[in-house]
Amino acid sequence: MPEYISLTPRAPWVALTTTDEDWALADPGLLGTLLAHCHLIRGFEETVLALAAEGLVHGPAHSSIGQEGGAAGSIVGLRAADGVSGSHRGHHQFLAKALAYLCPRGIDPHADIGAPVRALLQRTLAEILGLAQGFCKGRGGSMHLRWPEAGALGTNAIVGGGVPMAAGQAWANRKAGSDAVMVTYFGDGAINIGSVLETMNLAAAWKLPLCFFIENNRYAVATSVEEITAEPRLSARGMAFNIPAWHVDGMDALAVHLATQAALAHMRAGKGPVLIEADVYRYFHQNGPFPGSAFGYRAKEEEQAWRERDPLELLARRMTQRGLITPAAVDALRERVAAAMRQAVEALIEPVPGADLHGSPASGKIARRIRPGLWPSPDFRDVGILGDLSEMIDPVAGADAGFDPDADGATEPRKFIDVVADLMDRRMAADESIVVMGEDVHRLKGGTNGATRGLAQRYPDRCLGTPISENAFVGLAGGIALDGRYKPVVEFMYPDFMWVAADQLFNQIGKVRHMFGGDDAVPLVLRTKVAMGTGYGSQHSMDPAGIFATCPGWRIVAPSTPCDYVGLMNAALRCKDPVLVIEHVDLYNATAPAPRENYDFVLPVGQAALRRTGRALTVIAYLSMVGHAMEALDQLGLEADLIDLRWLDRASLDWDTVGASVRKTNNVLIVEQGARGTSYGGWLADEIQRRYFDSLDQPVQRVTGGLAAPSISKVLERAAAARTEEVVEGLREILRNKGEA
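The paragraphs below set out a description of the structure included in this document. Since the structure is predicted, the reported quantities are computational estimates derived from the model, not experimental observations.

What about the overall build of the chain?
Looking only at helices and strands, the chain has 26 helices and 24 strands in total. Relative to a compact globule of 741 residues, whose C-alpha radius of gyration would be 27 Å, the chain shows 29 Å and is just as compact. When the backbone C-alpha atoms are referred to their principal axes, the chain occupies close to 95 × 80 × 55 Å. In the chain, buried positions account for 59% of the 741 residues. Looking at the chain alone, contacts between residues at least 24 apart form 77% of all its contacts between residues at least 6 apart. For the chain, the accessible surface area stands at approximately 29,300 Å², while carbon and sulfur atoms represent 53% of it. Charged side chains in the chain number 71 positive and 87 negative. The centres of these two groups are separated by 1 Å.

Printed below as a string of structure tokens:
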């Protein structure tokens, strides 16, 4: 018979409940602050729902009424340097952190509401209404609230989507030598999201000061936690990752505070992440002013039972028992909050001109509208998708923008991959803010291709090997970039893996600057390689340019020579926007002229290179296809303009060079190697035809790979990817259409 040995988790897992003694010993200032926070949040949320009922909130109104105790209890003990991030239901956490920032010594529930708090309420309400004075200038609304000065680092509409970024901010805190922590809030639905679980593992492995705070309100929209989770005790998830976990009654703000204080001591001591599960209850439906019972998924009896445990009533009762407040004082506090909210509403809302001041028979309410002058200008629509590149104007110390590769002794023959490795070594030596991360970048003598050779030995705390969890580590890098103290350089071993991390790349990193108002820099570099021709098949061979070109929040660099790589990567590392740097395995081991000494020059953003000139046609290429295009032109003896784009994104593309060439040659051939379905040239051809229609003698022609991604078979792989032969045929098609066959 086999022997069975019981195993136990390494991390503690406890439930915490308060006692009468805890309430008797609690600091009166703490209890008063908790009560004031809860009432300010409740009054604010009731106003939001009332405006939503009038149709004045465009979009969702995810209220947190009933969940105030979890936010107040966990946040009043945080410091200004500590950060919080949240989910789509995050008004309460945002307000609590902002209140703690404005009133670091607490709030007296007997005192008047001061002007700073009134301004906070109005500005937050303005954001939810989509107005220019909001924290995100009206772009965020209910689900995207950010005030970095206060440590409110962003709420997020993608379930679980903001958790990896919170890990990045926690990493930056630890790296800077601070004992500041991050608290990331999410719900029972997000506990099953891969990016959340990936981040738990990464945070535990790296011992990051990050608190995973689960607001278990029992319903993911209308689906109960028991329906979709085999272990409904959600704090059990911490055990899988060796993360200490607390389970607490979230309707008891003091209990949440005590659990959070214990968790903070653990994190500030450098022991790594923690998890807190707070049982809370949202009194209303997922969105809007109606209870869940109105939609049939909750019973009225259940809702009433939770309302009897109201966190505001519990705090008031306990404080009254100790003689710290009277029922009349609680009523007065509530009225002061209501008056502050009426003032905020009056500053943003006005009666509709000519409306019946006695109200309509149907609603009994005066018709109101947003004050027209408060909306953002339509001209603000695209402002802040990317930065203004002002960081590229001032020269970097030691940089030489005048590098001439044709000067005597300026270059020497070198392998492309050696230049990649040496350039990053040079930059990390000069800039201690650069941190490199990715799978195996610290092993195998520089990762799978040698691009990070020697970095782990010279910069062990800034060359980080990650788990195989792209969502977690690229999202973490996004959080580091948004924090602003460090500059992450992320390596994706193959671009196909970007699909795994699509939420973090596109919904988070690509949108975050614009979404939060356009002011936050996101200095992140993402390196990857096109590996067509290596036999790695459909899931390791794609060219990502066409996908990223559809996301306006990214810049894209595609160097075709070692000299270009140096200048373009230096530009990418200076840029305050996220930059995708695409490399190609065909170039890695090729020997070509490379800088002999100057690894500091910067090539301008948005400047293409004209590799050949001639009147026959315009050929547009990037990466290894520049070389294939040269071979094809030589085979046919054609003199043509060959444009090496270098910068591929819409905002950075060199339209001056492209336009001048099109107007000269009147014929265009775009050549790329990858599959037609994810083609970069598709949108580029459309844009060229729209811009230069009158200059074209024929439609823009294209050379691409096949419809399908490359297969493992050597023959099928070759058939799926374009090279010199396909470019030759594309050139011949152009000539036939010109009558020059």
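After that view of the structure, there is still more to cover.
Re helix H7 (residues 194–206)
Between its first and last C-alpha, H7 extends 18 Å over 13 residues, near the 18 Å set by a 1.5 Å rise per residue. Three or more residues of H7 are buried, namely Ser195, Val196, Glu198, Thr199, Met200, Leu202, Ala203, Ala204 and Trp206. Immediately downstream of H7, the backbone of Lys207 shows phi near 55°, a positive value.

With respect to the pattern of salt bridges
Counted by the stated rule, this structure contains 43 salt bridges. Where Glu491 meets Arg527, a salt bridge forms, and the shortest distance between an N and an O atom there is 2.7 Å. With Glu491 in strand S15 (residues 487–491) and Arg527 in strand S16 (residues 525–530), this pair connects stretches of sequence that are 36 residues apart. Taking relative accessible area as the criterion, Glu491 reaches 8% and is therefore assigned buried. The class for Arg527 is buried, based on a relative accessible area of 5%.

A closer look at the sheet that holds strand S3 (residues 152–155)
Spatially, S1-S8-S9-S5-S4-S2-S3 is the arrangement adopted by the 7 strands of the open sheet, whose pairing is parallel. Lying at the two open borders of the sheet, with one neighbouring strand each, are strand S1 (13–16) and S3. For this sheet, the mean angle separating the axes of adjacent strands, direction not counted, is 15°. Bridge analysis of strand S2 (residues 83–86) against strand S4 (residues 182–187) gives 3 bridges, and the strand direction is parallel. Across the sheet, the residue bridging to Gly83 is Met182, located in S4. In the packing of helix H10 (residues 253–268) onto the sheet, contacts are made with S1, S4, strand S5 (210–216), strand S8 (245–249) and strand S9 (274–279), and the angle to S8 comes to roughly 165°.

Focus: the pairing of strand S23 (residues 668–671)
Both faces of S23 are covered, namely the face carrying Val668 and Ile670 and the face carrying Leu669 and Val671. Both strand S21 (residues 618–621) and S23 contribute to a ladder of 3 bridges, which runs parallel. Across the sheet, residue Thr618 finds its bridge partner in S23, namely Val668. Handedness of the crossover joining S23 and strand S24 (residues 701–703) through helix H24 (residues 681–691): right-handed.

Let's talk about the nonpolar core
By size, the foremost hydrophobic cluster in this structure holds 137 residues, and its most contacted members are Phe492, Leu505, Leu526, Trp554, Val658, Tyr680 and Ile688. Leaving out residues up to four positions away in the same chain, Leu526 has contacts with Val490, Phe492, Met498, Leu505, Phe548, Trp554, Val579, Leu580 and Val581. Counting 91 residues, the second-largest nonpolar core is a separate cluster that includes Leu16, Ala71, Ala255 and Val330.

Here's the deal with the environment of Thr411
Residue position: Thr411 is located in strand S12 (residues 411–415). Between the C-alpha atoms of Thr411 and Ala502, which are 91 residues apart in sequence, the distance is 39 Å.

Description of the packing of aromatic side chains
Scanning the model with the defined rule gives 18 aromatic pairs in all. Ring plane angle 80° and centroid distance 5.6 Å describe the contact between Phe473 and Phe492, whose orientation is recorded as edge-to-face. Taken together, the residues span a long stretch of sequence, with Phe473 in helix H16 (residues 470–483) and Phe492 in the loop between S15 and helix H17 (502–509) at a distance of 19 residues. Judged by relative accessible area, Phe473 falls into the buried class, the value being 0%. Ring pairs connect the aromatic residues Phe94, Tyr101, Phe135 and Trp147, which therefore count as one cluster. Above the plane of the ring of Phe380 lies Arg139, whose end atom (NZ or CZ) is 3.9 Å from the centre. Cation over ring: Arg650 sits above Trp683, and NZ or CZ is 4.3 Å from the ring centre.

Re the sheet that holds S23
Pairing is mixed in the open sheet, where 5 strands are placed in the order S20-S22-S21-S23-S24. The open sheet has two free edges, formed respectively by strand S20 (609–615) and S24, since each of these has just one partner strand. If you compare each strand with its neighbour and ignore which way they point, the axes differ by 20° on average. The pairing of S20 with strand S22 (residues 640–644) spans 4 bridges and is classified as antiparallel. In the sheet register, Arg615 faces S22, and the bridge partner there is Ala640. Packing of helix H23 (residues 655–665) onto the sheet brings it into contact with S20, S21, S22 and S23, and relative to S22 it is tilted by some 165°.

What counts, and at which threshold
- Residues numbered from 1 in each chain as written.
- Predicted model: local features only at pLDDT ≥ 70, side-chain atom pairs only at ≥ 80, totals over all residues.
- Heavy atoms only, no water.
- Helix = DSSP H or I, 4+ residues; strand = E, 2+ residues; numbered from the N terminus.
- Rg over C-alpha atoms; globule rule 2.2 N^0.38 Å.
- Buried < 20%, exposed > 50% of the residue type's maximum accessible area, 1.4 Å probe, protein only.
- Contact = heavy atoms within 4.5 Å.
- Areas by Shrake-Rupley, 256 points an atom, 1.4 Å probe, with all protein chains shown as cover.
- Lys, Arg positive; Asp, Glu negative; His and termini not counted.
- Charge placed at Lys NZ, Arg CZ, Asp CG, Glu CD.
- Expected span 1.5 Å × (residues − 1).
- Salt bridge = Lys/Arg side-chain N within 4 Å of Asp/Glu carboxyl O.
- Pairing = 2+ DSSP bridges.
- Axes fitted to C-alpha atoms, helices over the stretch in contact; angles between N-to-C directions.
- Right-handed = clockwise from strand over helix to strand, strands pointing away.
- Core = buried A, V, L, I, M, F, W, Y, C linked by side-chain atoms within 4.5 Å.
- Phe/Tyr/Trp six-rings, centres within 6.5 Å; stacked < 30°, edge-to-face > 60°.
- Lys NZ or Arg CZ within 6 Å of the ring centre and 35° of its normal.

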